[in-house]
Amino acid sequence: MSTTDTRAQKIANFDPNAPGDVAGGLFGLPFTPDEAQVVVVPVPWEVTVSYRAGTAQGPEAIREASLQVDLFDPDLPDAWKLGLAMEDEDEAIAHLSRELRPQAAEYIGWLENGQPAEEATQHGPVPARVNAEGTKLVAWLKQKTGALLDAGKAVAVLGGDHSTPLGYLHALAERHPEGFGILQFDAHCDLRPAYEGFQYSHASIMYNALQLPQVKKLVQVGIRDMCQQEADLIEHSVGRVAIFGQRFLSDEKFAKKSWKKVCGKIIAQLPQKVYISFDIDGLDPKLCPGTGTPVPGGLEYEEATYLLRQVVRSGRTIIGLDLNEVAPGDTEWNGIVGARLLYQLCNWMAVSQGRLAAKGKTSAE
């Protein structure tokens, strides 16, 4: 029996109105990754976080919270039939993250203390070890996501810290040689080269992404924390990086500009093919209090998801996405918001790829 037939049988037997089944998969759905059209790849990695840790537990927190998500969406009433599943976490990656994180944290503390010479032998070798393992992580994720793409799946990467999706971007770059744009939701630019000595730092993900010539445009939304080096990079990017920072968004709001019009300005900067990179701290911290580096301000949930819908309704194709920096903290609220956001991101990516039908208008006004 084919996976299509199996999925059809499971759809026929599944009750979307029943409570989430803990024995089921992501969102309580009955699909395996082989049967699913959209596959979520968890990457429990947080080695280079520079403030608060915990995001390596994000995928599990989201999986647990997903059982409480009602599956009906008035715009996408049949979304649950799509087939959405999350692979199991790779325990070797989780173990290595747990091993390296304390070493990286002690090294960062040594940097912040002025790099005492008597501790150099202890801490000095850490960046080389972390960078070597980061290179392996990029290669691992490139191979894994590439295989899923070649099998006809839509793929979402679920971090972990924001360094995690780089291997996926490499896989997409090979399969989209004509190029694509990145729409980044974030409080930070993440354009620092090898921040704190770590080539694959969470603060360097977009700098690393820009090393791929296939990344034709980087559009950043919600930024409200950056350094001079990042500002200079943006200024000298010759338009390759477009920033819609929180101050600009607030100025537009205070001038009584509609969010719809602001979204139109953002979308106009994007090419036909779009990758979405969503750092949860792009939202107002009240929605993600556990995240590692919260910053006052940020998008409301409905502002972010409206922009997502408008990207799809503009006729653009979302070729891939990541969601990261969801840390459980001391409340289930982080996982609750993360799970709902993941559901929207995955479903609208499927709409853009023609895998799922949306009700109402199909193009932005």
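From a predicted model like this one, the values you see are computed outputs, not experimental measurements.

**Structural notes on the state of the cysteines**
Argument step 1. According to the stated counting rule, one finds zero disulfides in the structure shown.
Argument step 2. This cysteine, Cys-288, is not joined by any disulfide, and Cys-189 carries the nearest cysteine sulfur, 17 Å off.

**Observations regarding the packing of helix H11 (residues 301–313) against helix H12 (residues 333–352)**
Argument step 1. Closest axis-to-axis distance for the H11/H12 pair is 9 Å, and the angle between their directions is 10°. Classified by the interaxial angle, the pair formed by H11 and H12 is roughly parallel. On H12, the residues touching Tyr-301, Thr-305, Leu-308, Arg-309, Val-312 and Arg-313 of H11 are Val-337, Arg-340, Leu-341, Gln-344, Leu-345, Trp-348, Val-351 and Ser-352.
Argument step 2. When the residues that make up the contact of H11 with H12 are grouped by side-chain class, the tally is eight nonpolar, three polar and three charged.

**What to know about the side chain of Thr-145**
Argument step 1. Of note, Thr-145 is situated in helix H5 (residues 126–150).
Argument step 2. Here the side chain of Thr-145 touches Leu-141 through a polar contact of 2.6 Å, landing on its backbone oxygen.
Argument step 3. For Thr-145, the contacting residues outside a window of four places in its chain are Val-155, Val-157, Gly-167, Tyr-168 and Ala-171.

**Overview of unusual backbone geometry**
Argument step 1. Cis geometry is adopted by the peptide bond preceding Gly-160, which originates at Gly-159 and carries an omega value of 20°.
Argument step 2. Note on placement: Gly-160 falls in the loop between strand S3 (154–159) and helix H6 (166–175).
Argument step 3. The phi dihedral of Asp-190 is positive, around 55°, even though this residue is not glycine.
Argument step 4. Following the sequence through the fold, Asp-190 ends up in the loop between strand S4 (180–185) and helix H7 (205–209).
Argument step 5. Backbone geometry at Glu-325 places phi at a positive 65°, although glycine is not the residue there.
Argument step 6. Locating Glu-325 in the fold gives a position in the loop between strand S8 (317–324) and H12.

**As for the environment of Pro-271**
Argument step 1. Within the secondary structure, Pro-271 sits in the loop between helix H10 (259–267) and strand S7 (273–279).
Argument step 2. Sequence separation between Pro-271 and Leu-84 is 187 residues, and the spatial gap between their C-alpha atoms is 27 Å.
Argument step 3. Residues contacting Pro-271, with those up to four places away along its chain left out, are Phe-180, Gly-181, Lys-217 and Arg-316.

**Side note on the pattern of salt bridges**
Argument step 1. A complete count under the given rule lists 18 salt bridges for this structure.
Argument step 2. Put simply, Asp-78 and Lys-81 hold a salt bridge, and the shortest N to O gap is 3.7 Å.
Argument step 3. By relative accessible area, which is 34% here, Lys-81 ends up partly exposed.
Argument step 4. Here the salt bridges do not stand alone but share partners, grouping Glu-99, Arg-129, Glu-133 and Lys-136 into one network.

**Details of the packing of helix H9 (residues 246–254) against H10**
Argument step 1. The contact between H9 and H10 brings their axes to 10 Å, and the two run at 140°. Seen from above, H9 lies across H10 with right-handed handedness. Between H9, through Phe-248, Leu-249 and Glu-252, and H10, the contact on the second element is made entirely by Trp-259, Val-262 and Lys-265.
Argument step 2. Its residues placed into classes, the contact of H9 with H10 shows four nonpolar, no polar and two charged.

**Regarding the pairing of S3**
Argument step 1. Within S3, six of the six residues are buried, which leaves the element mostly enclosed by the surrounding structure.
Argument step 2. Bridge analysis of strand S1 (residues 38–43) against S3 gives six bridges, and the strand direction is parallel. The partner of Val-43 across the bridge, within S3, is Gly-159.

**Side note on the packing of aromatic side chains**
The geometry of an aromatic ring pair comes down to the distance between the two centres and the angle between the two planes.
Argument step 1. The full count for this structure, using the stated rule, is seven aromatic pairs.
Argument step 2. Considering the side-chain rings of Tyr-107 and Phe-198, the 5.5 Å spacing of their centres and the 65° angle between planes classify their relative orientation as edge-to-face. Separated by 91 residues along the polypeptide, Tyr-107 in helix H3 (residues 91–112) and Phe-198 in the loop between S4 and H7 bring together distant segments of the chain. This pair shows no difference in class: Tyr-107 is buried, exactly as Phe-198 is.
Argument step 3. Ring pairing ties together the aromatic residues Tyr-107, Trp-110 and Phe-198, which thus form one cluster.

**Some words on the sheet that holds strand S5 (residues 215–221)**
Argument step 1. Reading across the sheet, the eight strands line up as S2-S1-S3-S8-S7-S4-S5-S6 and stay open at both edges, with parallel pairing between neighbours. A single partner strand is all that each edge strand has here, and the edge strands are strand S2 (84–86) and strand S6 (241–244). Neighbour-to-neighbour, the strand axes of the sheet open up by a mean angle of 20°, direction not taken into account.
Argument step 2. Where H6 meets the sheet, its contacts fall on S3, S4, S7 and S8, and the angle it forms with S8 comes to roughly 170°.

**Describing the side chain of His-202**
Argument step 1. Mapping His-202 onto the fold places it in the loop between S4 and H7.
Argument step 2. Excluding its chain neighbours within four sequence positions, the residues that come into contact with His-202 are Thr-48, Val-49, Ser-50, Asp-161, His-162, Ser-163, Asp-190 and Glu-325.

**So, the environment of Leu-307**
Argument step 1. Its place among the elements puts Leu-307 in helix H11.
Argument step 2. A C-alpha to C-alpha distance of 16 Å links Leu-307 and Asp-322, two positions 15 residues apart in sequence.
Argument step 3. For Leu-307, the residues in contact, after removing those within four places along its chain, are Phe-185, Val-221, Trp-259, Cys-263, Ile-266 and Ile-267.

Calculation criteria
Residues numbered from 1 in each chain as written. Predicted model: local features only at pLDDT ≥ 70, side-chain atom pairs only at ≥ 80, totals over all residues. Heavy atoms only, no water. Disulfide = S-S within 2.5 Å. Axes fitted to C-alpha atoms, helices over the stretch in contact; angles between N-to-C directions. Helix = DSSP H or I, 4+ residues; strand = E, 2+ residues; numbered from the N terminus. Parallel < 35°, antiparallel > 145°, perpendicular 65-115°, else oblique. Contact = heavy atoms within 4.5 Å. Nonpolar A, V, L, I, M, F, W, Y, C, P; charged D, E, K, R; others polar. Polar contact = N/O pair within 3.5 Å; in protein donor to acceptor, adjacent residues only side chain to side chain. Salt bridge = Lys/Arg side-chain N within 4 Å of Asp/Glu carboxyl O. Buried < 20%, exposed > 50% of the residue type's maximum accessible area, 1.4 Å probe, protein only. Left-handed = near helix turned anticlockwise from the far one by under 90°. Pairing = 2+ DSSP bridges. Phe/Tyr/Trp six-rings, centres within 6.5 Å; stacked < 30°, edge-to-face > 60°.

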